[in-house]
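# Coordinate analysis (summary)
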Amino acid sequence: MDYLSKKYLRSRKIPSTACSGCGLGLNHKAVVQAVYELGLEVEDVVWGTSIGCAGRQTFGTWKGDGFAGTHGRVYAIARGLRLTLPPEKKIILTVGDGDAFGIGLLHLIHASRCNADMTIIVNDNLGYMSTGGQYGWTTPHGSKTDSSPYGMYEHNLMSDGMDVLGVLKHAGATFLARHVAMDGQRAVESIKKGIQNRGLSLIHMVFPCPTNFGSRELGTRDTVKIYEWIENQAAPLGQEKENTVWATGVYFDASNSRPEFSESIRKNVETIRRTAAL
Ligand code: SF4
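Below: a short report on this structure. Remember, it's a predicted structure, so these values are computed and weren't measured experimentally.

What counts and how
Residues numbered from 1 in each chain as written. Predicted model: local features only at pLDDT ≥ 70, side-chain atom pairs only at ≥ 80, totals over all residues. Helix = DSSP H or I, 4+ residues; strand = E, 2+ residues; numbered from the N terminus. Rg over C-alpha atoms; globule rule 2.2 N^0.38 Å. Buried ≥ 20, exposed ≤ 12 C-beta atoms within 10 Å, placed from the backbone. Contact = placed C-beta atoms within 7 Å. Near = placed C-beta within 6 Å. Nonpolar A, V, L, I, M, F, W, Y, C, P; charged D, E, K, R; others polar. Pairing = 2+ DSSP bridges. Axes fitted to C-alpha atoms, helices over the stretch in contact; angles between N-to-C directions. Arc of directions from axis to C-beta. Parallel < 35°, antiparallel > 145°, perpendicular 65-115°, else oblique. Left-handed = near helix turned anticlockwise from the far one by under 90°.

This brings us to the overall build of the chain. From N to C terminus, the chain includes eleven helices and eight strands. Computed over its C-alpha atoms, the radius of gyration of the chain comes to 19 Å, within 12% of the 19 Å expected for a compact globule of 278 residues. Projected onto the principal axes, the alpha-carbon positions of the chain cover approximately 70 × 40 × 35 Å. In the chain, which comprises 278 residues, the proportion classed as buried is 46%. In the chain, the share of contacts with a sequence separation of at least 24, taken over all contacts with a separation of at least 6, comes to 67%.

Now for the site of the ligand. If you check the shell around the ligand, you find Ala 18, Cys 19, Cys 22, Leu 24, Cys 53, Asn 125, Met 129, Ser 130, Cys 209, Pro 210, Thr 211 and Asn 212 and nothing else. In terms of residue count, the dominant contributor to the shell around the ligand is helix 9 (residues 210-217) (three residues). Residues of the shell around the ligand, tallied by class, amount to eight nonpolar, four polar and no charged.

The buried count for strand 4 (residues 118-124) comes to seven of seven residues, which makes it a mostly enclosed element. Examined bridge by bridge, strand 3 (residues 90-96) and strand 4 share five bridges and lie parallel to one another. When the sheet's bridge partners are listed, Leu 93 is paired in strand 4 with Ile 120.

In this section: the sheet that holds strand 3. Overall, mixed pairing links the eight strands, which are arranged 2-1-3-4-6-5-8-7 in an open sheet. At either end of the open sheet lies a strand with only one pairing partner, and these are strand 2 (66-68) and strand 7 (234-236). Taken pair by pair, the neighbouring strands of this sheet meet at an average axis angle of 20°, ignoring direction. Direction of pairing for strand 4 relative to strand 6 (residues 200-206): parallel, over a ladder of seven bridges. Directly across from Thr 119, in strand 6, lies its bridge partner Ser 201. Seen against the sheet, helix 4 (residues 74-84) touches strand 1 (45-49), strand 2, strand 3 and strand 4 and runs at an angle of roughly 175° to strand 3.

Okay, the pairing of strand 8 (residues 246-253) next. Where strand 5 (residues 175-180) meets strand 8, four bridges bridge the pair, whose relative direction is antiparallel. Bridged to Ala 177 within strand 8 is Val 250. Note: strand 7 against strand 8, three bridges, orientation parallel. Bridging across to strand 8, Ala 234 finds its partner in Trp 246.

Every buried residue of helix 7 (residues 164-171) is accounted for by Val 164, Leu 165 and Leu 168. Projected down its long axis, helix 7 carries its buried residues within an arc of 100°, all on one side. In the core, the buried residues of helix 7 are packed alongside helix 5 (97-102), helix 6 (105-113), strand 5, strand 6 and strand 8. Gly 172 occupies a position one or two residues after helix 7 and carries a positive phi of about 125°.

Right, let's talk about the environment of Asp 163 for a bit. Summarising the element assignment, Asp 163 is placed in the loop between strand 4 and helix 7. Considering only alpha carbons, one finds Asp 163 and Thr 138, 25 residues apart in sequence, at a separation of 9.1 Å.

In this section: unusual backbone geometry. A cis amide bond, omega 0°, links Ile 14 with the succeeding residue Pro 15. One can find Pro 15 in the loop between helix 1 (3-8) and helix 2 (24-37). The backbone phi angle of Asp 160 is positive, close to 50°, even though this residue is not glycine. As for its position among the elements, Asp 160 is in the loop between strand 4 and helix 7.

A separate point is the packing of helix 2 against helix 8 (residues 185-196). Helix packing for two helices is described by the angle between their axes and how far apart those axes are. It is at 8 Å that the axes of helix 2 and helix 8 come closest, and there the two elements cross at 60°. For the element pair helix 2 / helix 8, the angle class is oblique. Here helix 2 and helix 8 pass one another in a crossing that is right-handed. Along its contact with helix 2, which presents Ala 30, Val 31, Gln 33, Ala 34 and Glu 37, the element helix 8 presents Ala 187, Val 188, Ile 191, Lys 192 and Ile 195.

Shown next, in the form of structure tokens:
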């Protein structure tokens, strides 16, 4: 265990039970690094997790307070907590692409609409990999999965000019970024910005799944091959190539520009109390 894991994570949960070569640990490390660089302590953060590989591997790892939500519902729980927790307490959620962009999308849209202060890290393994490797709503077009043996054929949230971050921008989220797990410090900087925003922040982080995605799409679990495959199709925003699927960097930054959910509710309650007392 390195210094960061010792400081912030439960030793009995590290290393996680993720498959050998899984890129999820890189995402997890980037979040913990961002927390550290912001000077936050264990008691400053409440960490929520969801279901699937992302939720299972990060569940219970945070040394401080935490919670787990059923598939896609973690944002609703976080909104409730936001109302009860002191405003300075940070809420960080590690969820998967199913939690965020499939089953949980409606909850996520409503959390964005009201700009509830939380930082969501969407760990995207490009489909439903914890259940064996079915395609999902960010699986690149043409990719072979267990349920698309001839290639991903459905329109989804990352095809034909669609971008799920655009959906969330228009829903009201105030900080949005995208990275791949190998982005290192660039990803850490985006996560730091997200945590500092008093509102809903989401960082979409694509990571390599050698076991169920690499084995179907590339015909191999060779870790290097799946890492290269992702990296070849990622490029910083503004430097996209013809084959770029994931443009990385800050997609939208309207940090601290809209009233935050719990603040608005508290203000409204005060106004109602004052008015009612007259
Ligand atoms: S199935 Fe894929 S995403 Fe899930 S832990 Fe294994 S390598 Fe990681």
